[in-house]
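Chain residues, written in single-letter form:
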Amino acid sequence: MRVLGIESSCDETGVAIYDSEQGLMAHQLYSQVKMHAEFGGVVPELASRDHIRKLTPMIRSVFTEAGLSMGEVDAVAYTAGPGLVGALMVGAALGRSLAVGWNIPAIGVHHMEGHLLAPMLEDEPPEYPFVALLVSGGHTMLVDVSAPGCYQILGETLDDAAGEAFDKTAKMMGLPYPGGPLLSQLAEQGRAGVFEFPRPMVDRPGMDFSFSGLKTAVRVEIARQAVDEQVPEQTQADIAHAFQQAVIDTLAIKCRRALRETGHKTLVVAGGVSANKSLREQLQQMVKKERAQVFYARPEFCTDNGAMIAYAGWVRLQAGHQSPLAINIKARWPL
Ligand code: KG4
Ligand code: ZN
């Protein structure tokens, strides 16, 4: 079965064709980051308009890249939520309409299920069951994945998502949008042990997260270190290092807890923050001690993309799911 996948939930336009026999045949990604940067964050109306401009040419070109004629697929998968309503509507309306025109089924995919399954596109994919850590700009959760489509949430964030904490902290430090990756680059220049921030909720039982207190602790430290409203460069890097270390320690402690409580020996990490190099190094050390393994998507599929939606759509269609003709998107949608 061959599936066209469309992602348009936020500021990335992603299109891909996944074939269950041949694997990923083609994929394309367009990032709106530059357009939103001057506003310091995603402007929903601009995001929708840009998805409209980009999607149709990208779909045509992904068919060409795959060596297929337009419409040579068996189904269309589109992100149906969670995300920005207008942005979701663009991909959903186009995907649904193409499926009507081509007389094939369509499936609305959960964006986080897409992230969760993205590591399955790698040459050596993880085997079920596993624990999944989903760390993106909008979500932070630990999930017990017993089989495709069988998800039990073990814990989630009570306030900010990990990526959101990275982005907000970066903004406090005066880094341009989107700050998460820049903050992690700055952290590489920082020295360990100069500052120490709390590891939120690690001494409480359970697997929930909370990152807003950490963000506040950073804000207080920035104010304390500022000289004439400027924090010296090395101090900034040291603060970034301490912030990143606190987030990583918290994530690693909860992942270890999830592995121990479920008895699973496989950890899958997905979502934008899973691109973080130090997080990967530290999780590698943790799973080694637990005699477990950790899997990721390749860096370009850690953040939003069409390939993960095409793949997740295929998984859902295999399980007999299909979306009705009426287009139903959801800004909020539990996994
Ligand atoms: O999964 P994603 O592309 O979009 C959502 O579904 O939210 O994740 C984007 C998030 C942003 O918050 C971004 O700052 C964060 O992932 N991110 C990182 C890194 N790369 C992306 N955070 C920390 N370190 C990174 N290297
Ligand atoms: Zn995402």
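Residues numbered from 1 in each chain as written. Chains lettered and ligands numbered in written order. Predicted model: local features only at pLDDT ≥ 70, side-chain atom pairs only at ≥ 80, totals over all residues.

*Asks:* Looking at this model, I keep getting lost on the overall build of the protein chain. Mind explaining?
*Replies:* The helix and strand inventory of the protein chain stands at 10 helices and 10 strands. For the C-alpha atoms alone, the extent of the protein chain along its principal axes is close to 65 × 45 × 30 Å. Looking at the protein chain as a whole, 50% of its 335 residues are labelled buried. Long-range contacts, defined as pairs at least 24 residues apart, comprise 73% of the intrachain contacts of the protein chain with a sequence gap of at least 6. (Helix = DSSP H or I, 4+ residues; strand = E, 2+ residues; numbered from the N terminus. Buried ≥ 20, exposed ≤ 12 C-beta atoms within 10 Å, placed from the backbone. Contact = placed C-beta atoms within 7 Å.)

*Asks:* Can you walk me through the pairing of strand E8 (residues 150–156) in this structure?
*Replies:* Each regular strand shows side chains that alternate between the opposite faces of the sheet. One ladder, built from six bridges, connects strand E7 (residues 140–147) with E8; its direction is antiparallel. What sits directly across from Ala147, in E8, is Cys150. Hairpin remark: E7 followed by E8, antiparallel, with two residues in the connecting loop; positive phi at Gly149, about 85°. (Pairing = 2+ DSSP bridges.)

*Asks:* Help me understand the sheet that holds E7 in this model?
*Replies:* The strands that make up a sheet pair up through hydrogen bonds in the backbone, lying either parallel or antiparallel. Pairing is mixed in the open sheet, where five strands are placed in the order E8-E7-E6-E9-E10. At either end of the open sheet lies a strand with only one pairing partner, and these are E8 and strand E10 (293–296). For this sheet, the mean angle separating the axes of adjacent strands, direction not counted, is 25°. Those strands touched by helix H9 (residues 277–289) are strand E9 (266–270) and E10, and its axis lies near 150° from that of E10. (Axes fitted to C-alpha atoms, helices over the stretch in contact; angles between N-to-C directions.)

*Asks:* Looking at this structure, how should I read the UniProt feature "domain: Gcp-like" (unreviewed entry) in the protein chain?
*Replies:* With numbering matched to this structure, UniProt assigns "domain: Gcp-like" (unreviewed entry) to residues 24–311. Secondary structure content for residues 24–311 is 47% helix and 17% strand, while the C-alpha to C-alpha distance between its ends is 8 Å. (UniProt positions renumbered as here; feature names shortened; annotations may be inferred.)

*Asks:* Looking at this structure, how should I read the site of ligand 1?
*Replies:* Taken together, the neighbourhood of ligand 1 is formed by 19 residues, with Gly137, Gly163, Gly180, Gly272 and Thr303 sitting nearest. It is helix H5 (residues 162–172) that provides the largest number of residues to the shell around ligand 1, a total of four residues. For the shell around ligand 1, a count of residues per class yields five nonpolar, 11 polar and three charged. Residue contributions to the shell around ligand 1 reach at least three from each of two domains, namely domain 1 (2–117 + 302–318) and domain 2 (126–296). (Near = placed C-beta within 6 Å. Nonpolar A, V, L, I, M, F, W, Y, C, P; charged D, E, K, R; others polar. Domains from an automatic or database assignment.)

*Asks:* Hey, could you run me through helix H8 (residues 233–262) in this one?
*Replies:* In an α-helix, one turn spans 3.6 residues; hence positions three or four apart end up facing the same way. In this model, H8 (30 residues) spans 44 Å end to end at C-alpha, consistent with the 44 Å of a helix rising 1.5 Å per residue. Downstream of H8 by one or two residues, Gly263 has phi in the positive range, about 80°. (Expected span 1.5 Å × (residues − 1).)

*Asks:* Would you mind going over the UniProt feature "binding site: substrate" (unreviewed entry) in the protein chain with me for this structure?
*Replies:* Here, the residues flagged by UniProt with the feature "binding site: substrate" (unreviewed entry) are Leu134, Val135, Ser136, Gly137, Gly138, Asp167, Gly180 and Asn276. Here Gly138 lies in the loop between strand E6 (130–135) and E7. The exposure class assigned to Gly138 is partly exposed, which follows from the 19 C-beta atoms found within 10 Å. When neighbours within four sequence positions are excluded, Gly138 is seen to be in contact with Pro82 and Ala161. Looking at the secondary structure, you find Gly180 in helix H6 (residues 179–189). In this structure Gly180 touches Gly163, Phe166, Asp167, Ala170 and Gly272, once residues within four positions along its chain are discounted.

*Asks:* Can you walk me through the sheet that holds strand E4 (residues 75–81) in this structure?
*Replies:* The strand order across the open sheet formed by five strands is E3-E2-E1-E4-E5, and the pairing between neighbours is mixed. The outermost strands of the open sheet, each flanked by one partner alone, are strand E3 (23–31) and strand E5 (106–110). Each neighbouring strand pair of the sheet contributes to a mean axis angle of 20°, computed without reference to strand direction. As defined by bridge partners, E4 adjoins E5 across five bridges and the pair is classed as parallel. In the strand pairing of E5, Tyr78 is matched with Gly108. Against the sheet, helix H2 (residues 44–65) touches strand E1 (2–7), strand E2 (12–19) and E3, its axis set at about 25° to E2. Along the sheet, helix H10 (residues 307–318) contacts E1, E2, E3, E4 and E5; its crossing angle with E1, the most-contacted strand, is approximately 130°.

*Asks:* Which parts of the structure should I look at to understand the nonpolar core?
*Replies:* Soluble globular proteins tend to pack their nonpolar side chains together in the buried interior. Residues Ile17, Ala77, Ala132, Leu267, Ala310 and Tyr311 are the most contacted members of the largest nonpolar core, which totals 103 residues. The element contributing the most residues to this core is H8, with 12 residues. Each of domain 1 (2–117 + 302–318) and domain 2 (126–296) contributes no fewer than three residues to this core. Those residues in contact with Ile17 that lie beyond four places of it in its chain are Arg2, Leu4, Met25, Ala26, Val62, Ala66, Val73 and Ala310. (Core = buried A, V, L, I, M, F, W, Y, C linked by C-beta atoms within 7 Å.)

*Asks:* What am I meant to see in the domain arrangement of the protein chain here?
*Replies:* Much of the literature gives interface size as the accessible area that the parts lose upon coming together. Assigned domains of the protein chain: these are domain 1 (2–117 + 302–318) and domain 2 (126–296). A separation of 27 Å is found between the C-alpha centroids of domain 1 and domain 2. Contacts between the two partners involve 12 residues from domain 1 and, on the opposite side, 18 residues from domain 2. Within the residue set of the side of domain 1 that touches domain 2, elements represented by two or more residues are helix H1 (33–37) and helix H4 (111–117).

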